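Architecture at a glance
These are the residues of each chain, in order.
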Amino acid sequence: MKDKLVITSSPQFHNGDSTLTVMWSVSIALLPAVIWGVIMFGLSALWIMVVSVLSALLAEYLLNRVYNKSTLWDGSAFLTGLLIGLNMPPDMPGLAWIYVPLGASFFAILIVKGAFGGLGNNWMNPALGGRVFVFFSWTNHMTVWEKPLVDGVTGATPLGGVKSGLLGYSGSASNPLDLLNDVTNSNLTYLDLFIGKIGGSIGEISALLLILGAIFLIIKKIIRWEIYVPYLVVFILLVWCFDGNRFGTGLFTGDILFHLFTGGLILGVFFMATDMVTSPITAKGMLIYGAGCGFLTFLFRVYGANPEGVSLAIIVMNIIVPLINRYTKPQLFGHAKLEAANE
Amino acid sequence: MKLKSFPKGGIHPPHRKNSSYSPDDLNASLPSIATIPLSQHIGAPSKCIVKVGDTVNEEDLIGEASGFVSSNIHTSIPGEVIEIKDLFLPNGRVCPAVVIETKGEFSRIGKSLEIYPWDDIEKEKLIEIIKDSGIVGLGGATFPTHVKLTLPEGFELENLIINAAECEPYLSSDHVLMLEFSREITTGLKILKKILEPKNIYVGMEVNKKDAGDLLTKTFKEENLDASVVLLKNKYPQGAEKNLIKAIIGKEIPSGKLPLSVGVINVNVSTVYAIYEAVCLKRPLVERFVTVGGGAVKNPGVYRVRVGTSVRSLIEECGGFTEEPEKVIFGGPMMGFTVFDLDVPVTKGTSGILALTKKEVNSARTTNCLKCGRCVDGCPMGLVPSKLFKLIDHNLCDEAVENGLNDCVECGSCAYNCPAHLFLVQQFRAGKSIVRRSKGAK
C-alpha cells in the first residue's frame, strides 16, 4: 500500500476515451483506404503519403521545440499528415512528390494549426487547409490524375471528366456515367465507382473501404450522425432534384449514386466534415453545419468552376462554425421562465 | 411503460452495481475506536460537549447543534473519550473530531428495540425529534433535515418527492435499504406526510431498482399510504435534485431557487428511514448504509456501518484489497471525494466507500480542448462547459456567471465524457469560489 493515495476533484472516473484514442482510431479507420490507394496506384502513392506524414510530424516536432510541449504522438499531427497524403494525386512529376505534400503538411501544421494555438484551436480543418494551399500553389501538379493500375497513364477523374465533357457535348448520353464513358472511351460501371477502380486522389476513390472505416468510427462513437446524416441527405436531395438539368432530363432525375461515389464525397463526409475541432459543439449546430456542407458541396460541384467542391464546402462551413456556435447555445435549465419574465 | 427522465443531457456510465448483501449479516463490525467528526453536515459545526476522559453511553449526545442550520452529533459506541483532534474530512476541510474507545456495555445494538407509537405526537414535536436526533440529508448533501421540513407559514406543499434514484454507479445502499426495510420506510413516509401534508407523494427511482419499487408499491397498498413509485430511466444524473423534479412533475426549478419554489420538497429515501428510527425507535442517527465497492475490494457489498468506523477497518472486513487501489472514494465515482489515507471515518453523508483500480479510473493526460461537444451533450443543465472552462481560464469569471456558471450542479457528466480529460468540474468549483470571494470583497 502506498503511503498516500491519489487525490482528485470529482468525477473520479471516466468513459475511457482520450484525444489519443480518438485521433488514432480515425487513422486506423483510414487504413483500408490507404492500402487500396497503394494497390491501385503503386508505390508512388505510398511515398507521397510517407512524405506527408513525416513532414507533418516534423512540423509538429518543430512546434513542440519552440513551445516546449510534447504533443508529437497525440495522433493529431499523424492524422493530419495522413489525410493530406490521401488527398494528394497519386503521381507527381520530378521532385513534386516531395515538395507538394511537404508544403501542404507544413502549411497545415505550422500555419493552420500551430499559429492559432495548436490542437483544438484551429478554425479550419488543417488537412483541407494544406490541400487547398498546395492546390492553388501548384495547380498543375494537383490536377494530374494517374489512372488506376496502369503506371504513367493519366486521365480525368470521373467528376472532372463529366465537367469538361459537358462543355460543347453533343452526344446522346443523359446521365453522368454514360457521358463519362462516352467522352473518355471507357467502360465504367457503378460498381467500379463504388469499389474504387477510378482515377482520383490516393484515398478518395474507394467508397466501399471508406464506408467500412466510417462504420468503425460510428461504432466507436467518434463521428456524429448530426453531421454526416444531414450532409448526405441535403446533398442527395439537391443532386436528385437539380443535377438532371445539366443532362437535359429535367427535375428529379439526378444521378445520386454517381455523385455519392465520386469526388471524395465519402472521405469528406465521414472523415473531414466530422472533425471535432472544426465542427460545432451543439447537436443543433452540427445539423445546421452538416446541411450547409451538403448544400455548398452541391453548389460548388454542379455550378462551380472546379469539379469536386467537397474541400471548399467544408472549409467555408468551418469558417462559420463560431457563428453557428453562437446562435445554437442550448437553453439553460431553469432560465426559460426568467427570460420570459424579463421580456 | 414509458419511463420518465429529465430531457436534456445526461450520460450512461457503466452501472457496476453490486447489491449483494446478507440480510442476517448486514451490520458491519463495531469499531473498537470511533473517530466522530463534529462537522458532518452543511452549516455550522457542532459544539463539542465532551472532554478527554469522559465516559459516554451508546447514542449519547457529544456535539450540540450551534445554530438553526446545524445538527446534533451522537456517539455510535459507548466508551471513553481518549482524544479530541483535528481531522481532514474527505471534502478537504479540517474539523475537530472526538475519538472514542469502546468500553462498557452496548445497551441498544443487537437488542430488539421497543417501537413507540407516534400517532399522537404533534407536528412541531416531530420536527423537534428529528432535530434532536441529528438527522441530515443522507443523499450526500447532508443538509439538516429539520430545516428543510420547517415550511414557511401558511405554505401548502404540493409534492413530496422521495429521492431513491441512486444514479451514481457502484452504489446500491438505497436499493438494499428499500428491499430490507420497505415497511419502515412506509412508516417514515407517513410521519413525513403528517409533518408536511403534501398533496402527492412520489418515490422516484431508476428502473434498475424495479424490484424495490414493486415491493414499495405493494407495501404502500398494504399500509394504506397514498404514494406512488415513479420508475425513471437509467441515466446519470437522474438523482440530482433539479433533474429528478423535472423528470417526475415536469417543472424546472428556476435558476438559483429552491425546490419549494415549484412546490416540492425532496427527501432522500435513507433520510426517510432515519426519520422512522428517530421517531419510532427513539434512536439518533449513528449509523447508515454504506456500499463498499470498486474493483480493488475483495468482497464488495452493502453494510450497515456505525459513524466513526474507519475506512481501513471496513475494507479489512470486506476481505481487504485484491490489488493496489488507484483511488479511494467517499461517495460515488461521479461526485464523491477522494481521501489520501484510510484512517478517515465514515460519516453521516457517506453513501459508499469505493476503491477503484487504475483500469476503472481510466485517467489520461490532459490535452487541449478538442471542441468535440461531448460536454455539451452530457450537461443536464444546458451549459456549454468547454466555453465556461475557457472563460475561467482567462479569468473572466463574471462572464462565466452570465453563461450559467452558478447553474452548474457539479454532476461531472462533462468531465466524464471529455476526451481531452480536462478538469472541468474542478475549474468550475474554482470559478465559483473566485466569484464568491470577489463578491465578499465588494
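To keep things clear, this report deals only with the structure shown in the data block. (Residues numbered from 1 in each chain as written. Chains lettered and ligands numbered in written order. Predicted model: local features only at pLDDT ≥ 70, side-chain atom pairs only at ≥ 80, totals over all residues.)

1. Side note on the overall build of chain B
Using the following cut-off: Think of it this way: any DSSP run of H or I at least four residues long counts as a helix, any run of E at least two long counts as a strand, and we number them from the N terminus. Radius of gyration: over C-alpha atoms. The globule rule applied is 2.2 Å multiplied by the number of residues raised to the 0.38 power. Backbone-placed C-beta atoms define the burial measure: a residue is buried with 20 or more other C-beta atoms within 10 Å of its own, exposed with 12 or fewer, and partly exposed in between. Remark: residues whose backbone-derived C-beta atoms lie within 7 Å of one another are considered to be in contact.
What chain B contains, in helices and strands, is 14 helices and 16 strands. In summary, chain B has a C-alpha radius of gyration of 21 Å against a globular reference of 22 Å for 442 residues, a match within 12%. The buried share among the 442 residues of chain B stands at 54%. By sequence separation, contacts in chain B at least 24 residues apart represent 72% of the contacts at least 6 residues apart.

2. Description of the packing of helix α1 (residues 19–41) of chain A against helix α2 (residues 43–67) of chain A
Residues and elements named next belong to chain A. The condition is simple: Orientation is described by lines fitted to C-alpha atoms, with helices fitted over the stretch in contact, and by angles between N-to-C directions that extend from 0 to 180 degrees. Should an angle lie under 35 degrees it is considered roughly parallel, over 145 roughly antiparallel, and from 65 to 115 roughly perpendicular; all remaining angles are considered oblique. Any residue outside Ala, Val, Leu, Ile, Met, Phe, Trp, Tyr, Cys, Pro, Asp, Glu, Lys and Arg is labelled polar, Gly included; the first ten of those are nonpolar and the last four are charged.
Look at α1 against α2: their axes get within 6 Å of each other, and the N-to-C directions meet at 140°. Our classification of the angle between α1 and α2 gives oblique. Here Val34, Gly37, Val38 and Phe41 of α1 come into contact with α2, specifically with Ser44, Ala45, Leu46 and Met49. Partitioned by chemical class, the residues of the contact of α1 with α2 number six nonpolar, two polar and no charged.

3. A word on the interface of chain A and chain B
When the parts of a complex come together, some accessible area is lost, and that lost area is often used as the size of the interface. On the side of chain B, 55 residues touch chain A, which itself brings 41 residues to the contact. Of all the secondary-structure elements, those providing two or more residues to the side of chain A that touches chain B are α1 and α17 (336–342) of chain A.

4. Focus: the pairing of strand β7 (residues 94–102) of chain B
Residue and element names in this part refer to chain B. Basically, it comes down to this: At least two DSSP bridges between two strands are required for those strands to pair.
Two strands pair when backbone bridges link them, and strand β1 (residues 33–37) and β7 are joined in this way by five bridges, in the antiparallel orientation. When the bridges of β7 are listed, isoleucine 36 appears paired with valine 98. Sheet analysis places strand β6 (residues 79–88) next to β7, joined by nine bridges and oriented antiparallel. Pairing of lysine 85 across the sheet is with alanine 97, part of β7. Linking β6 to β7, which pair antiparallel, is a turn of five residues; within it glycine 92 sits at a positive phi near 95°.

5. Re the pairing of strand β12 (residues 287–293) of chain B
The side chains of a regular strand alternate, residue by residue, between the two faces of the sheet. Residues and elements named next belong to chain B. Buried residues dominate β12, accounting for seven of its seven residues. Judged by which residues are buried, β12 turns out to be covered on both faces: Glu287, Phe289, Thr291 and Gly293 on one side and Arg288, Val290 and Val292 on the other are all buried. Sheet analysis places β12 next to strand β16 (residues 352–356), joined by three bridges and oriented parallel. Bridging across to β16, threonine 291 finds its partner in glycine 352.

6. Quick look at the sheet that holds strand β11 (residues 264–268) of chain B
All names here are of chain B. Ordered in space as β10-β9-β8-β11, the four strands form an open sheet in which the pairing is parallel. Edge positions in the sheet fall to β10 (228–232) and β11, since each of these pairs with one other strand and no more. The average undirected angle you get between the axes of adjacent strands in this sheet is 25°. Sheet strands in contact with helix α5 (residues 210–222) are β9 (200–206) and β10, and its direction is about 165° off that of β10.

7. Examining the nonpolar core
Our working rule: Residues enter a nonpolar core if they are buried, belong to Ala, Val, Leu, Ile, Met, Phe, Trp, Tyr or Cys, and are joined to the set through C-beta atoms within 7 Å.
Within the largest apolar cluster, 130 residues are counted, with the highest numbers of intra-cluster contacts made by B:Val272 and B:Ile275. Here B:Val272 is in contact with B:Ile162, B:Ile185, B:Gly188, B:Leu189, B:Leu192 and B:Val267, once residues within four sequence places are set aside. Counting 88 residues, the second largest nonpolar core, distinct from the first, contains A:Ala33, A:Ala45, A:Val100 and A:Ile109.

8. Considerations on the sheet that holds strand β15 (residues 337–338) of chain B
All names here are of chain B. Taken in spatial order, the five strands make up an open sheet running β13-β12-β16-β14-β15, and their pairing is mixed. At either margin of the open sheet sits one strand with a lone partner, and together these are β13 (301–306) and β15. Where β12 lies against β13, six bridges are found, and the strand directions are antiparallel. Looking at the pairing, threonine 291 lines up with valine 302 of β13. In the packing of helix α3 (residues 173–180) onto the sheet, the strands contacted are β12, β13 and β16, and the crossing angle to β12 comes to about 125°.

9. Focus on unusual backbone geometry
For residues that are not glycine, phi is negative in most cases, and the peptide bond is trans in most cases. Cis geometry is found at the peptide bond from A:Ser10 to A:Pro11, where omega equals -5°. Note that A:Pro11 resides in the segment before α1. With an omega dihedral of -5°, the bond running from B:Tyr236 to B:Pro237 counts as a cis peptide bond. Phi at B:Lys282 takes a positive value of approximately 50°, unusual for a residue other than glycine. Mapped onto the secondary structure, B:Lys282 falls in the loop between α7 (269–280) and β12. Taking the C-beta count within 10 Å as the criterion, B:Lys282 has 16 such neighbours and is therefore assigned partly exposed.

That is the geometry; function is a separate question.
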